Structure formats: structure tokens, C-alpha cells
Amino acid sequence: GKTAECVLAGGQSVVPVLTEEIMPKVEAWARSQGATEVVARGRRGWARSMKRSGYDEIAVTMRKGL
């Protein structure tokens, strides 16, 4: 199925707005487009915040500057 992918960015003051207002709208839009899941990427701290909205951490992305 289709997957909607989001990149999460922002500070603590963004968390309530994102989890309570923005993500429900993103999820509704994704459903209307035929998506069966939403993948949200961000820092590990976002995983704790998004858990309350039903999101599970499924991966860790790593990088190395050269």
C-alpha cells in the first residue's frame, strides 16, 4: 500500500501543536490519498512524543559527516 512520509522538526513548543493538531490532519489527508500508514522521521526525542499518538519507533537513522 501507499505510505505517507513526514520529517519532524522543531522544538518543545511544537510538540503539542504537531501531535494534537497537525498530525491528525496529515493522517486524514494520507487516508484520502489511499495511504495505509504514515512514517514519521525525526530525532529520537520525537519517538517519545509521538508514542502518545500511537506511533512506534521502527528504525534509527545514522549519519557521519566527512
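Engineer: So what's going on with the overall build of the protein chain? Which residues, and what values?
Structural biologist: In terms of regular secondary structure, the protein chain is built from 2 helices and 2 strands. Each helix and strand of the protein chain, ordered N terminal to C terminal, gives the series β-α-β-α. Principal-axis analysis of the C-alpha atoms places the extent of the protein chain at approximately 40 × 30 × 20 Å. Relative to its full complement of 66 residues, the protein chain shows a buried share of 26%. Contacts spanning at least 24 positions in sequence make up 74% of the contacts within the protein chain whose residues lie at least 6 apart. Of the roughly 5400 Å² of accessible surface on the protein chain, 53% is carried by carbon and sulfur atoms.

Engineer: Talk me through the pairing of strand 2 (residues 35–41); I want residue IDs and the actual numbers.
Structural biologist: Judged from the 6 bridges that link them, strand 1 (residues 2–7) and strand 2 form a sheet pairing that is parallel. Among the inter-strand pairings, Val7 is bridged to a residue of strand 2, identified as Arg41.

Engineer: Provide a residue-level description of helix 2 (residues 44–51), including the pertinent values.
Structural biologist: Gly45, Trp46, Ser49 and Met50 are the residues of helix 2 that are buried. Buried residues of helix 2, seen end-on, are gathered within an arc of 130° and therefore sit on one face of the element. In helix 2, the exposed positions angled more than 90 degrees off the buried face are occupied by Arg48 and Lys51. Residues of helix 2 that are buried make contact with helix 1 (14–32).

Engineer: Just give me the short version of the environment of Gln33, but keep the residues and values in it.
Structural biologist: Among the secondary structure elements, Gln33 is positioned in the loop between helix 1 and strand 2. The sequence separation of Gln33 and Ala4 amounts to 29 residues, and the corresponding C-alpha distance is 9.0 Å.

Engineer: Tell me what's going on with the layout of surface pockets, and back it up with residues and numbers.
Structural biologist: The volume enclosed by the largest pocket comes to roughly 490 Å³. Surrounding the largest pocket, 20 residues form its lining, Ala40, Arg41, Gly42, Glu57 and Ala59 being those nearest its centre. Breaking the lining of the largest pocket down by element, the ones donating at least two residues are strand 2 and helix 2. Taken together, the residues of the lining of the largest pocket sort by class into 11 nonpolar, 2 polar and 7 charged.

Criteria and thresholds
Residues numbered from 1 in each chain as written. Predicted model: local features only at pLDDT ≥ 70, side-chain atom pairs only at ≥ 80, totals over all residues. Heavy atoms only, no water. Helix = DSSP H or I, 4+ residues; strand = E, 2+ residues; numbered from the N terminus. Buried < 20%, exposed > 50% of the residue type's maximum accessible area, 1.4 Å probe, protein only. Contact = heavy atoms within 4.5 Å. Areas by Shrake-Rupley, 256 points an atom, 1.4 Å probe, with all protein chains shown as cover. Pairing = 2+ DSSP bridges. Arc of directions from axis to C-beta. 1 Å grid on protein atoms, 1.4 Å probe; cavity = no way out; pocket = protein on both sides within 12 Å on 5 of 7 lines; lining within 4 Å. Points joined across faces, edges and corners; volume = space filled by probe spheres on them. Nonpolar A, V, L, I, M, F, W, Y, C, P; charged D, E, K, R; others polar.

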